[in-house]
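Descriptive analysis of the structure
These are the residues of each chain, in order.
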Amino acid sequence: MRAARRMGLVPLAVRGALRNRVRSGLTVFGVIIAIAGLIVLVGLTRGLANAWQGSLVERGGDLVVFDRDAVDVLSGAVSNAVAEGAARIPGVRGVSAELVKLVTADDSAHVVLTGLSADSYTWAEMRIEAGRRPNAGEAGAVVLGSALAEQLRKRPGDTITLAFRPFRVVGIARFSEMLNARTAYVPLAEMQKLLDRANTVTFVHIKLADPGDAAAARVRGALRALDSGIAVEAGAAMVANNRVIGIFRAVSWSSTAIAIAMGVLVILNTMLMAVIERTAEIGILHAVGWSRERIVALFVVEGAVLAAVAAPVGLAAGYLAAQAITALPGVAGFLEPRIDARMLVEVAAAAILLGVLGSFYPALRAARLDPAAAMWR
Amino acid sequence: MAPLLELREVSKRYRQGRIQALRAVNLALAAGEAVAVLGRSGCGKTTLINVAAGLIRPDEGRVFFDGVEIRNDAQRTALRARRIGIVFQHFHLIPSLTAAENVGIAVGDGGTEGWRARSLRLLGDVGLAKRADHRPAELSVGEQQRVALARALVNEPDLLVADEPTGNLDPETGQSVVALLFGLRSRRSMALLVVTHDNGVAARFERRIRLADGAVAAPPETGAPPIRAAAASGDEGAERARR
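Procedures and definitions
Residues numbered from 1 in each chain as written. Chains lettered and ligands numbered in written order. Predicted model: local features only at pLDDT ≥ 70, side-chain atom pairs only at ≥ 80, totals over all residues. Heavy atoms only, no water. Helix = DSSP H or I, 4+ residues; strand = E, 2+ residues; numbered from the N terminus. Buried < 20%, exposed > 50% of the residue type's maximum accessible area, 1.4 Å probe, protein only. Contact = heavy atoms within 4.5 Å. Areas by Shrake-Rupley, 256 points an atom, 1.4 Å probe, with all protein chains shown as cover. Buried area = accessible area lost by both parts, 1.4 Å probe. Salt bridge = Lys/Arg side-chain N within 4 Å of Asp/Glu carboxyl O. Polar contact = N/O pair within 3.5 Å; in protein donor to acceptor, adjacent residues only side chain to side chain. Nonpolar A, V, L, I, M, F, W, Y, C, P; charged D, E, K, R; others polar. Axes fitted to C-alpha atoms, helices over the stretch in contact; angles between N-to-C directions. Left-handed = near helix turned anticlockwise from the far one by under 90°. Pairing = 2+ DSSP bridges. pLDDT = per-residue confidence, 0-100.

1. Let's talk about the overall build of chain B
When you go through chain B residue by residue, the secondary structure sums to 8 helices and 10 strands. Going through the 243 residues of chain B one by one, you find that 57% of them count as buried. The contacts in chain B between residues at least 6 apart in sequence include a share of 68% that link residues at least 24 apart. Of the roughly 10,000 Å² of accessible surface on chain B, 49% is carried by carbon and sulfur atoms.

Now the structure itself:
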């Protein structure tokens, strides 16, 4: 019988990759760097958006009012009058006017310091696990989020320096979302005095009696009528449309695109060298009847094998690097990378695709070689 | 009945036409026939073999295999994959692969027998069953040529084309390879088209063609079977085979 089952391409491709171990190793290393960079950048950007969004969800706001013209919402200013007016709008169940700033704590760590209005629903809803909430008009009192208190080893009765001013810890509040748990909460009046920003806040969070679309639209209209300089968004939309997050996302994706392009070029260069080095062997494959398609497939599989070897190492390296970055002083507590199984699978698939793309042109060159001439090179 | 392989008025030039390797060569090879190609170095033997094996395209003329004109690379590739086996003077084995793998890369697709089983069977036929997992560098030149022979035969071709298969071997080893070649041919009823410089080897063939300056040069050698290859002027044997 003439026919038999022919050799699989993967063992041949692996054998090909092992022909020049140093070059293949360096190629795999280059792809590992590209994959790790992708994981770190995308994971951290997603983590940033996720932390903010999770914070808003946990605190239960339906709408957020913020300064329409501020590129960085934390530097925006919304008048106190908007918060007071919002409370009177029919359909509004609760209001939390907040002034937010990133400050130093005890001259070392960075924390989010949030001033909450006296009638803020956040005061009422936060779960105090030790101590108490600040009393009305109490000066110099702060409630620490549980993770922050743990990090700084503070308990009720201790003193903490925030923005170079001493505060007395009166309570510890438990939050499950990282950003909330790493925040220090003070009365709004205290915060406005500290920042010299009387009568303005950063956000006004709104809770609706009926979060349905029609009711929300009515409340939005009423809020916009209070001040033409404000924007009103659902919490998720505000994070998604936030310009700072958008800039992070753009930088992250640009860097990722560069990393991917570098990965493709590394594989392309390696496979092109392999084709040049193995021209005689390719001639032999042609001579024994390999079709052009099969020769293309062999080199594409070889490129994909290199990427597939790099993928798990790159994913692990990226994950560990992201964890290491978020453990750095100054970053710890603000940012946790969001790297889930789906992202890992997608990046692994992208890596294999990268291998295929990078090896396609060299593979075509191999397939186009003239067999008789190639064997003698 | 159509010849197995037929070349009609085949010409081939190199270096923008400055070197004429083949000049209007006619050749017909019947199924199962053994033909030796003789001639001085540079007379066009290798080019003739390469055209016959489908490794290069002729500039002019037509090539037929089993009555079908071979016009494109896909046809040439399919012939090399299924119906033509090739043996080279320098073996052209892949150094990183074992003997079994070097044979296995030529195994065509389909059927139930695995490539390794098929390779081992062929290596057994050439007496190298125990060397299946050795790489070319671990084999003698005679063994390497036998691996190349096993590779050429692995798809049970109708035509085996060989370019000086004994050219790199000492006379004794060369004779053993030729004996092996004819022994395998007798079991497989395949045609042979073999380039050789060795008159002793050529004497074992049913026909001998002498090439000179790219053209087939008659007459047949004394005492040899009649040469049926056709020169540009036409050839009785070729005409008979064509009919």
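2. Considering the interface of chain A and chain B
At the junction of the two partners, chain A supplies 26 residues and chain B supplies 39 residues. Together chain A and chain B conceal approximately 2,800 Å² of surface at their shared face, both sides included; 57% is due to carbon and sulfur atoms. Across the contact surface, chain A and chain B share 2 salt bridges. Here Arg15(A) and Glu101(B) are joined by a salt bridge, their closest N and O atoms 2.5 Å apart. At the surface where chain A touches chain B, the tally comes to 7 residue pairs in polar contact (both at pLDDT 80 or more). At the level of elements, α1 (9-19), α11 (279-287), α12 (292-326) and α14 (371-375) of chain A are the ones that each hand at least two residues to the side of chain A that touches chain B. Among the elements that make up the side of chain A that touches chain B, the one with the highest residue count is α11(A) (5 residues). For the side of chain A that touches chain B, the residue count by class is 14 nonpolar, 3 polar and 9 charged.

3. Describing the packing of α1(A) against α12(A)
Residue and element names in this part refer to chain A. Taken N-terminus to C-terminus, the directions of α1 and α12 make an angle of 65°; their axes are 8 Å apart at the nearest point. When the axes of α1 and α12 are compared, the crossing they make is right-handed. Seen from α1, the contacting residues are Leu9, Val10, Leu12, Ala13, Val14, Gly16 and Ala17; seen from α12, they are Arg294, Ala297, Leu298, Val301, Glu302, Val305 and Leu306. When grouped by side-chain class, the residues that make up the contact of α1 with α12 number 11 nonpolar, 1 polar and 2 charged.

4. Here's the deal with the sheet that holds strand β2 (residues 19-29) of chain B
Residues and elements named next belong to chain B. Pairing is antiparallel in the open sheet, where 4 strands are placed in the order β2-β1-β4-β5. One side of each edge strand has no neighbouring strand; the edge strands of this open sheet are β2 and β5 (68-69). Here strand β4 (residues 60-65) pairs with β5 via 2 bridges, running antiparallel. Bridged to Phe65 within β5 is Val68.

5. Observations regarding the environment of Asn26(B)
All names here are of chain B. Looking at the secondary structure, you find Asn26 in strand β2. Judged by its relative accessible area of 5%, Asn26 is buried. Along the primary structure Asn26 and Ser189 are separated by 163 residues, whereas in three dimensions their C-alpha atoms are 23 Å apart.

6. Considerations on the pattern of salt bridges
A full pass over the atoms with the stated rule returns 30 salt bridges over all chains. We note a salt bridge from Lys12(B) to Asp59(B), for which the minimum N-O separation is 3.6 Å. Here Lys12(B) is found in strand β1 (residues 5-14), whereas its partner Asp59(B) is found in the loop between α1 (45-52) and β4, with 47 residues between them in sequence. In this structure Lys12(B) comes out as buried when scored by relative accessible area, which is 12%. With relative accessibility at 39%, the residue Asp59(B) sits in the partly exposed group. Bridged by salt links that share partners, the residues Arg292(A), Arg57(B), Asp73(B) and Arg76(B) form one connected network.

7. Description of unusual backbone geometry
For Ala163(A), which is not a glycine, the phi torsion comes out positive at approximately 50°. Tracing the backbone shows Ala163(A) in the loop between β7 (159-162) and β8 (165-174). Take Ala163(A): its relative accessible area is 23%, and that puts it in the partly exposed class. Positive phi outside glycine occurs at Asp66(B), with the angle close to 55°. Position of Asp66(B) among the secondary structure elements: in the loop between β4 and β5.

8. A few points about the confidence of the model for chain B
Residues and elements named next belong to chain B. Averaged over every residue, the pLDDT of chain B is 85; the share at 70 or more is 88%. This stretch, residues 219-243, has a pLDDT under 50; its non-local contacts, to residues over four places away or in other chains, come to 46 contacts. Interface scoring of the predicted complex returns ipTM 0.85; its pTM is 0.73.

9. Focus: the confidence of the model for chain A
Residue-level pLDDT values for chain A average 88, and 98% of them are 70 or greater. Across chain A, the secondary-structure element scoring lowest on mean pLDDT is helix α9 (residues 235-241) of chain A, at 71, and the one scoring highest is strand β6 (residues 141-145) of chain A, at 95.

10. A short note on the sheet that holds strand β9 (residues 207-212) of chain B
Residues and elements named next belong to chain B. Reading across the sheet, the 6 strands line up as β6-β7-β8-β3-β9-β10 and stay open at both edges, with mixed pairing between neighbours. Edge positions in the sheet fall to β6 (84-87) and β10 (215-217), since each has one partner strand and no second. Taking each pair of neighbouring strands and ignoring which way they run, the sheet shows an average axis angle of 25°. For strand β7 (residues 159-163) and strand β8 (residues 191-195), the ladder comprises 5 bridges, and the chain directions are parallel. Along β8, the bridge assignment pairs Asp163 with Val195.

11. Some details on the pairing of β9(B)
All names here are of chain B. Relative to β9, strand β3 (residues 34-39) is paired through 5 bridges, and the arrangement is parallel. Within β9, the residue paired with Val37 across the bridge is Ile209. Where β9 and β10 come together, 3 bridges link them in antiparallel fashion. Bridged to Ala212 within β10 is Ala215. Connecting β9 to the next strand, β10, in antiparallel fashion are 2 residues, including Asp213 with a positive phi near 50°.

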